[in-house]
Amino acid sequence: MDAVLFVDSDCVFLSPPDEVFDYIYHFHPKQIMGIVAEAERKGEGFYNDAFLVRSNYSFYGVAGLNTGVMVLNLKEMRRLRVENHLMDIHHEFNGTFIVGDQDMLNIYLNRTPEQVFVLPCEYNYRTDHCQGLTSCSAINGVKIMHASRFCAFIFQTIIFGRIYKAFLMVR
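About the cut-offs
- Residue numbering note: each chain is counted from 1, following its sequence as written.
- For a predicted model such as this one, the threshold for reporting local features is a pLDDT of at least 70, and the threshold for listing and counting side-chain atom pairs is 80 or more; totals across whole chains, interfaces and linings nevertheless cover every residue.
- Only hydrogens and water are set aside when side-chain values are computed; all heavy atoms of the structure are taken into account.
- Segments assigned H or I by DSSP are reported as helices when at least four residues long, segments assigned E as strands when at least two residues long, and all are numbered from the N terminus.
- Relative accessibility under 20% of the residue-type maximum defines a buried residue, over 50% an exposed one, and the middle range a partly exposed one, all with a 1.4 Å probe and only protein chains included.
- By definition in these notes, contact holds between two residues if any of their heavy atoms fall within 4.5 Å.
- Under the convention used here, a 1.4 Å probe and the Shrake-Rupley method define accessible areas, while residue burial counts only the protein chains that appear.
- Working definition of a nonpolar core: buried Ala, Val, Leu, Ile, Met, Phe, Trp, Tyr and Cys residues. They are joined through side-chain atoms within 4.5 Å.
- In this description, strands pair whenever DSSP reports at least two bridges between them.

Side note on the overall build of the protein chain
Then step 1. Across its full length, the protein chain holds eight helices and seven strands.
Then step 2. Buried positions account for 47% of the 171 residues belonging to the protein chain.
Then step 3. The contacts of the protein chain with a sequence gap of at least 6 include a subset with a gap of at least 24, amounting to 70%.
Then step 4. Entry remark: accessible area of the protein chain is about 9200 Å², with carbon and sulfur atoms responsible for 58%.

Considerations on the nonpolar core
Then step 1. Ranked by size, the top nonpolar core spans 21 residues in total, and within it Met33, Ile89, Tyr108 and Leu109 carry the most contacts.
Then step 2. Listing elements by their share of this core, those giving two or more residues are β3 (33-37), β4 (65-73), α3 (74-79), α4 (82-92) and α5 (100-111).
Then step 3. The leading source of residues in this core is α5, at five residues.
Then step 4. With sequence-adjacent residues up to four places away left out, Leu109 is seen in contact with Met33, Ile35, Tyr60, Leu65, Gln115 and Val116.
Then step 5. Of all hydrophobic cores here, the second largest spans 16 residues; its members include Val20, Val36, Leu119 and Cys136.

Digging into the sheet that holds strand β7 (residues 144-146)
Then step 1. Pairing is mixed across the open sheet formed by three strands, whose spatial order is β2-β7-β6. Every interior strand has two partners, whereas the edge strands, β2 (11-13) and β6 (125-126), have only one.
Then step 2. Direction of pairing for β2 relative to β7: antiparallel, over a ladder of three bridges. Directly across from Cys11, in β7, lies its bridge partner His146.

In short, shape yes, function no, at least from these values alone.
Here's what the structure looks like:
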C-alpha cells in the first residue's frame, strides 16, 4: 500500500472519502502528508499561548496541525524513514507529550515543513470552529466533522450532539 487516508474514530464523513484523499495528487514531490491546521490564526486552537507555557517544544506553522484527518504518502514516508525520526523525537522529549502522535508529528513537521501539504479546514471541522475558538472559512461546506475532545459525548455543541444521538438511534 503506497498511500492511506487516516481518520480518528470520532470523525464523520459528510462527503465522499476520496474527495479528501485526492489531495494527494496536489502534493509536490517533497510533500508526504496532508494535514489540516489546528487553527487558521496564531493564538487560536490547542497550540495557543497557554500551551507554549506547558510545553518545551515547537509545533508546525503559526497554530500547529490537527492529526485527526491525514492523507499519507506511505511510500515516501518509508523511503524517508519517518518512523525513525518520530522515535528519535519520542526519546528526545522522553515521551512527555500532551497529545502523543499529534505533538510528535507537529515537532517533526516543524523541523521539515516542506513535507506537509496543509489541507482545507473543512476536512477536519471541529467543535473549536463552531464555538468561535478558532476560525474555519469552510466556504464549500463541512466535509469531515471531527468530534474532538469528546464533544459529541458530553453534548458541548448542539450540532455535534444531535449527530451523535442520531447514530445512537440507528443501533
